[in-house]
Amino acid sequence: MATVIIPTPLRKFTNNTARLEVRAGTIQDTVNELTQNFPDLKKHLLDEGGSIRSYVNIFVGNNDIRDLQQENTAVKEDTVISIVPAIAGGAPDQLFTKQELARYNRHIIIPGFGMEAQEKLKKAKVLVIGSGGLGSPVLLYLAAAGVGTLGIVDFDVVDDSNLQRQVLFGIDEIGKPKVEAARRRLAALNPHIKLNIYNTHINSQNALDIVKDYDVVADGTDNFPTRYLVNDAAVLLGKPNIYASIFQFEGQVSVFNYTDSKGTTGPNYRDLYPTPPPPGLVPSCAEGGVLGVLPGIIGSLQALEVIKVITGVGETLSGRFYIFDALNFESRTFNIKRREDNPVNGKNPTITALIDYEQFCGMRAVEEKALKEITAKELYDWQVRGEKFQLIDVREPHEYDIVNIGGELIPLAAVADNAGRIDPEKKVVIHCKMGGRSAKAIRELEEKFGFTNLYNLKGGILSYIDEVQPELTKY
Amino acid sequence: MIIIEPRVRQLMIEDAVSTFPDECCGFMFGREETDGTRLILDVLVVDNSKEGDKRRRFAISPQDYMTAEQHALDHDWTLLGVYHSHPNHPAIPSEHDRVAAQPFFSYLIISVLNNEIITLRSWLLNDDRQFEEEKIIDYQFT
């Protein structure tokens with residue numbers, strides 16, 4: 001009889017026998033005999049086609065049967081046959097470059113976080129809606145942490161009054177679209193991540209299309225219609241929505257629509273607030289003010305929850321609602337539950353597509369009315385032919401000192417208080433650096449005082465310098 | 001549950017660090033208690049015979065495998081498994097590991113990051129050919 005040496009891992013299929021006696025013949029006969037006597041051995045020795053598995057080597061003496069006559073190799077009475085499993089493996093294909101490993105080292109060395117969590121961050125796609133007070137710390141920390149893809153939605157331009165809390169921006173960005181300023185700042189912070197920007201109002205028409213490409217949504221918006229919109233879009237698409245809001249001295253954080261590892265989905269914004277407050281009851285930051293450091297604190301907590309949701313590390317705020325009172329330094333955490341009457345994902349959902357959220361919140365729709373505009377060339381023509389008009393400059397005094405074109409200086413924040421200085425009869429051209437703040441000033445003046453004679457200088461003073469007076473200082 | 005003798009643990013770690021940035025590999029020997037607890041008492045360091053990218057793959061030659069089986073017989077130990085390193089990767093089995101994995105063997109993976117040991121984790125194939133983690137217990141002298 002010949003002898004077969006069974007490798008340790010397969011001995012549990014041979015009644016823990018290491019050496020078996022088999023009849024002489026060929027290797028094929030040996031394999032047949034073995035699999036007949038020990039049927040459990042079959043799937044480990046043979047593939048679906050009945051051939052010897054590529055991960056199994058069979059040796060006759062010291063020679064691989066692949067170098068002899070394969071299955072037809074002769075087995076004699078004194079032959080010693082060894083079944084040798086191929087031992088191989090390896091790491092998954094490399095996700096991080098050397099630079100990234102060095103950058104994220106302080107994450108990777110945390111016990112319980114490690115490479116595994118860092119890889120999840122890299123693979124994650126997070127959409128941050130609003131790049132203002134909350135969005136600034138959220139974006140800075142998520143970019144620094146190495147979230148692989150960040151989407152940024154904002155329609156606004158940077159205003160000097162933002163800089164008291166919106167730490168993403170500096171004075172050089174005043175007048176520029178926030179998403180572009182944010183992209184520049186974040187790309188300079190972390191070149192290893194991908195940044196997508198959406199310089200637009202998120203609304204019922206575009207929300208699903210924007211949100212669908214992301215795994216997680218972070219809501220840093222400042223108004224109720226958008227908050228309900230973002231909530232509903234996240235619920236309809238099955239994405240977790242990390243929510244935060246701030247007002248004056250108070251901040252709130254929660255994790256909505258989060259599905260845990262057991263497949264249970266937690267409550268969302270509509271479970272907490274089934275109906276919006278009456279319009280005007282809760283003012284925005286622009287109207288009610290906010291302590292600048294508060295969005296820094298609350299936005300950082302929001303970023304923390306985003307990281308926990310992505311990595312699965314720790315217990316998220318799903319099913320809980322956190323409130324921080326900066327004045328007395330008290331924080332409270334409430335439990336919240338799903339409601340059967342939730343119109344989006346309760347027992348009988350009535351909202352199956354995005355609705356008109358301005359109407360839902362009892363607010364007039366924000367219509368982007370077209371402003372009357374004037375180009376730098378046209379303004380020059382008016383000046384040349386002595387057209388009667390008033391020129392207002394809504395930039396800040398320090399900008400005015402750098403360069404001006406003779407307009408009356410009324411900084412944007414003071415425009416409403418100085419409406420009396422603006423001529424209600426003749427044409428009034430309002431300008432800023434690039435055209436963003438002057439558009440805001442015109443909207444405010446039209447809405448509050450009913451002006452109809454205001455023209456926005458397209459491209460602001462920069463465009464005037466380019467096209468009319470290139471000798472002036474650009475900044 | 002798998003208990004690793006401290007000297008043995010040290011040998012594996014030294015192998016993983018000195019082989020970095022390539023993957024190291026070797027065999028683990030010891031005893032299996034009746035409750036399934038594995039006690040690792042010795043290792044055999046072998047060459048990574050992979051032709052090609054040793055930074056992300058390892059292979060052990062059949063000759064080394066047969067030596068390992070003989071080593072177990074000589075010392076009356078059981079060949080309990082294989083260790084290998086994942087340079088700059090978590091100590092989680094990859095698909096490459098799973099496809100080639102043998103039943104019964106403990107697959108101990110050492111995650112090495114820029115020359116420093118991060119974690120050791122051990123994995124065992126279940127009947128569905130999926131890896132399940134085995135708890136590593138620090139060896140206590142009594």
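Residues numbered from 1 in each chain as written. Chains lettered and ligands numbered in written order. Predicted model: local features only at pLDDT ≥ 70, side-chain atom pairs only at ≥ 80, totals over all residues.

### Brief notes about the overall build of chain B
Here is the rule: For the purposes of this entry, the term helix denotes a DSSP run of H or I that reaches at least four residues, the term strand denotes a run of E that reaches at least two, and both are numbered from the N terminus. Burial in this document is a count-based property: other C-beta atoms within 10 Å of a residue's C-beta are tallied, and the residue is buried at 20 or more, exposed at 12 or fewer, or partly exposed in between, with C-beta positions derived from the backbone. We call two residues in contact whenever the C-beta atoms placed from their backbones are within 7 Å.
Of the regular secondary structure elements, chain B holds three helices and nine strands. Secondary structure elements in chain B, listed N-terminal to C-terminal, are β-α-β-β-β-α-β-α-β-β-β-β. Relative to its full complement of 142 residues, chain B shows a buried share of 42%. In chain B, once contacts between residues fewer than 6 apart in sequence are set aside, the share between residues at least 24 apart is 62%.

### Quick word on the overall build of chain A
Counting secondary structure elements, chain A contains 17 helices and 21 strands. Taking all 475 residues of chain A together, 39% fall into the buried category. Counting contacts in chain A only where the partners sit at least 6 residues apart, residues at least 24 apart contribute 67% of the total.

### Looking at the interface of chain B and chain A
Just so we agree on the cut-off: Ten residue types, Ala, Val, Leu, Ile, Met, Phe, Trp, Tyr, Cys and Pro, are classed as nonpolar, four, Asp, Glu, Lys and Arg, as charged, and the remainder, Gly among them, as polar.
Listed per partner, the contact involves 34 residues of chain B and 28 residues of chain A. Residue assignment for the side of chain B that touches chain A shows that the elements contributing at least two residues are β4 (58-60), α2 (62-75), β5 (78-87), α3 (95-100), β6 (106-113) and β7 (116-125) of chain B. Per-element tally for the side of chain B that touches chain A: the top contributor is β5 of chain B, with six residues. Residues that form the side of chain B that touches chain A fall into these classes: 18 nonpolar, 11 polar and five charged.

### A closer look at the pairing of strand β10 (residues 149-153) of chain A
All names here are of chain A. Selection rule: With the strands aimed away from the viewer, a crossover counts as right-handed if its path from the first strand over the helix to the second runs clockwise. In this analysis, strands are considered paired if DSSP registers two or more bridges between them.
Counted residue by residue, β10 has four buried out of five residues, so it is predominantly covered. Following the backbone out of strand β9 (residues 125-129), through helix α6 (residues 135-145) and into the adjacent parallel β10, one traces a crossover that is right-handed. The pairing of β10 with strand β11 (residues 194-198) spans five bridges and is classified as parallel. The partner of L150 across the bridge, within β11, is L195. Note that the unit made of β10, helix α7 (residues 178-189) and β11 has a crossover that is right-handed.

### Describing the sheet that holds strand β19 (residues 408-409) of chain A
All names here are of chain A. So the rule is basically this: In this description, a line fitted to the C-alpha atoms serves as the axis of each element, helices being fitted only across the stretch in contact, and the angle between N-to-C directions of two axes falls anywhere from 0 to 180 degrees.
Ordered by their spatial adjacency, five strands build an open sheet running β17-β21-β20-β18-β19, and the pairing between neighbours is parallel. Of all strands in the sheet, those bounded by a partner on one side alone are β17 (373-374) and β19. Both β17 and strand β21 (residues 454-457) contribute to a ladder of two bridges, which runs parallel. Its bridge partner lying in β21, E373 is registered against N456. Sitting on the sheet, helix α16 (residues 436-449) touches β20 (427-431) and β21, and the angle it makes with β21 is about 170 degrees.

### As for the sheet that holds β11 of chain A
Residues and elements named next belong to chain A. Across the sheet, which stays open at both edges, the eight strands sit in the order β11-β10-β9-β12-β13-β14-β15-β16 with mixed pairing between neighbours. Of all the strands in the sheet, the pair left with one neighbour each is β11 and β16 (330-335). Strand-to-strand twist in this sheet, taken as the mean axis angle between neighbours without regard to direction, amounts to 15 degrees. Sheet topology note: the β9/strand β12 (residues 216-219) ladder contains four bridges and is parallel. In the sheet register, I129 faces β12, and the bridge partner there is D219. Each of β9, β12, β13 (241-247) and β14 (250-256) touches helix α9 (residues 224-237); the most contacted strand, β12, lies at about 170 degrees to it.

### Focus on α2 of chain B
All names here are of chain B. Definition in use: Each helix should span, by expectation, one fewer than its residue count multiplied by 1.5 Å. Directions drawn from the helix axis to the C-beta atoms are what define this arc.
With 14 residues, α2 extends 20 Å between its outermost C-alpha atoms, agreeing within 8% with the 20 Å of an ideal straight helix rising 1.5 Å per residue. Along α2, the residues classified as buried are Y65, A68 and A72. Within α2, the buried residues cover an arc of 55 degrees as seen down the axis, which keeps them to one side. In α2, the exposed positions that point more than 90 degrees away from the buried face belong to Q70, L73 and D74.

### Observations regarding the environment of G146 of chain A
By secondary structure assignment, the location of G146 of chain A is in the loop between α6 and β10. In this view, G146 of chain A contacts Y104, Q118, L121, K122, N190, H192 and I193 of chain A; residues no more than four positions away in its chain are not counted.

### As for the confidence of the model for chain B
Stated precisely, the cut-off is as follows: Confidence of the prediction at every residue is given by pLDDT, a number between 0 and 100.
Taken as a whole, chain B shows an average pLDDT of 90; of its residues, 96% reach a score of 70 or greater. Confidence, read as mean pLDDT per element, is least for strand β9 (residues 136-138) of chain B in chain B (82) and greatest for strand β2 (residues 25-32) of chain B (96).

### Some remarks on the nonpolar core
Basically, it comes down to this: Only buried residues count toward a nonpolar core: Ala, Val, Leu, Ile, Met, Phe, Trp, Tyr and Cys, linked into one set through C-beta atoms within 7 Å.
Membership of the largest hydrophobic core comes to 64 residues, with the highest contact counts inside it found for V126, L139, L142, L150, V216 and V306 of chain A. Residues contacting L142 of chain A, with those up to four places away along its chain left out, are V126, V147, L150, A303 and V306 of chain A. By size, the runner-up hydrophobic cluster in this structure holds 58 residues, among which are I27 of chain A together with M28, F58 and L80 of chain B.

### Thoughts on the packing of helix α14 (residues 376-385) of chain A against helix α17 (residues 460-467) of chain A
All names here are of chain A. This is how the line gets drawn: Every angle not falling under 35 degrees, over 145, or within 65 to 115 is termed oblique; those three ranges are roughly parallel, roughly antiparallel and roughly perpendicular.
Two elements in contact, α14 and α17, have axes whose closest approach is 9 Å; the angle formed by their N-to-C orientations is 70 degrees. It follows from the interaxial angle that α14 and α17 lie roughly perpendicular. Across from A376, K377 and L379 in α14, the residues of α17 making contact are S463, Y464 and E467. Residues belonging to the contact of α14 with α17 are distributed by class as follows: three nonpolar, one polar and two charged.

### With respect to the packing of α6 of chain A against helix α12 (residues 293-311) of chain A
All names here are of chain A. Going by this rule: Should the near helix be turned anticlockwise from the far one by less than a right angle, the crossing is left-handed, and should it be turned clockwise, the crossing is right-handed.
At a closest axis distance of 7 Å, the pairing of α6 and α12 adopts a crossing angle of 40 degrees. By the criterion of interaxial angle, the relationship of α6 to α12 is oblique. Considering how the two elements wind past one another, α6 and α12 form a crossing that is right-handed. Here S136, P137, V138, Y141, L142 and A145 of α6 lie close against α12, whose contacting residues are P295, G296, G299, S300, Q302, A303, V306 and I307. For the contact of α6 with α12, a count of residues per class yields nine nonpolar, five polar and no charged.

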